[in-house]
Amino acid sequence: EELKKFTERLEEKVEARTQALTELTQQLEHQAYHDTLTGLANRTTFDNHLQLAIDQSQRYDGRLAVLFLDLDRFKVVNDTLGHAVGDELLVTVAERFSSCMRSSDTLARLGGDEFAVLLVNIGTVNEVMDVANKLRNIMSEPIDVEGYGIHPSVSIGIAMYPGDGHNAESMLKNADTAMYRSKDNGRNQITFFSADMNSQAARRLTLENKLRAAIRDDLLEVHYQPRCE
């Protein structure tokens, strides 16, 4: 009888420990593939979904789109109101973005104030533009965070498959490039990627590197041009 009771207690402890290990494993798996702040997919999950979608699109001659989203002037919120307010703002933004998604879409937080959206089974460019407009317009209402009325806006860049890239890295990179063009155009804009953007970015990088080298080596000179009237 004592042996039977001991065995039952031992089985209960083993079952409890097994349950605890199972829950811990599930928690670690969730943390590995999701953003800890917002609960959205993280960069690893997004890259995996994107590459899988590209592989399927290649097989079935499909189309997809990647949207790169960046909040405008988010650094100002962090610097002036603190990181706690910034984190709460990001959580609310994630919830608003999520309300615009279909079940087949993937919304991820890549880090900081950067988000990405994967749209699969795209028929026309207008469908992509409709989603981008929803994401931009849903930010028009102010967000109340700890008594502060914050009016965020979002700059969006879009890359389309197969025209704008053939793997996950190039698609996300080109969508990011288009997003920066939205920033340059005054923020709160939607911009589709075009091939000339990379060449312009390369020229700008080359110019910046040359200017840094000129400043370092004290090669800049000031020349005055007389004005004749």
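Model, not experiment: these values are computed from the prediction.

(A) Inspection of the overall build of the chain at higher detail. Along the chain, the regular secondary structure elements total seven helices and seven strands. Shown N-terminal to C-terminal, the secondary structure of the chain runs as helices and strands in the order α-α-β-α-α-β-β-α-β-β-β-α-β-α. Whereas a compact globule of 229 residues would reach a radius of gyration of roughly 17 Å, the chain reaches 25 Å, over 25% beyond that. With the C-alpha coordinates of the chain rotated into their principal frame, the extents come out at 115 × 50 × 45 Å. Within the span of the chain, comprising 229 residues, buried residues form 36% of the whole.

(B) A look at the sheet that holds strand β1 (residues 64-71). Taking strand neighbours across the sheet as the criterion, the five strands line up as β2-β3-β1-β6-β7 in an open arrangement whose pairing is mixed. Each edge of the sheet is formed by a strand with only one pairing partner; in this case those strands are β2 (106-111) and β7 (190-192). On average, each strand axis in the sheet is inclined to that of its neighbour by 20 degrees, with strand direction left out of account. Where β1 meets strand β6 (residues 154-161), eight bridges bridge the pair, whose relative direction is antiparallel. In the strand pairing of β6, A65 is matched with M160. Helix α5 (residues 125-137) contacts β1, β3 (114-119), β6 and β7 of the sheet and is inclined by roughly 160 degrees relative to β6.

(C) Broad picture of the pairing of β6. Among the eight residues that make up β6, eight are buried, leaving the element largely enclosed by the rest of the structure. Neither face of β6 is exposed, since V154, I156, I158 and M160 on one face and S155, G157, A159 and Y161 on the opposite face are all buried. As judged from the three bridges shared by β6 and β7, these two strands associate in the parallel manner. Among the inter-strand pairings, I158 is bridged to a residue of β7, identified as F192. Traced from β6 through helix α6 (residues 168-184) to β7, the parallel crossover comes out left-handed.

Calculation criteria
Residues numbered from 1 in each chain as written. Predicted model: local features only at pLDDT ≥ 70, side-chain atom pairs only at ≥ 80, totals over all residues. Heavy atoms only, no water. Helix = DSSP H or I, 4+ residues; strand = E, 2+ residues; numbered from the N terminus. Rg over C-alpha atoms; globule rule 2.2 N^0.38 Å. Buried < 20%, exposed > 50% of the residue type's maximum accessible area, 1.4 Å probe, protein only. Pairing = 2+ DSSP bridges. Axes fitted to C-alpha atoms, helices over the stretch in contact; angles between N-to-C directions. Contact = heavy atoms within 4.5 Å. Right-handed = clockwise from strand over helix to strand, strands pointing away.

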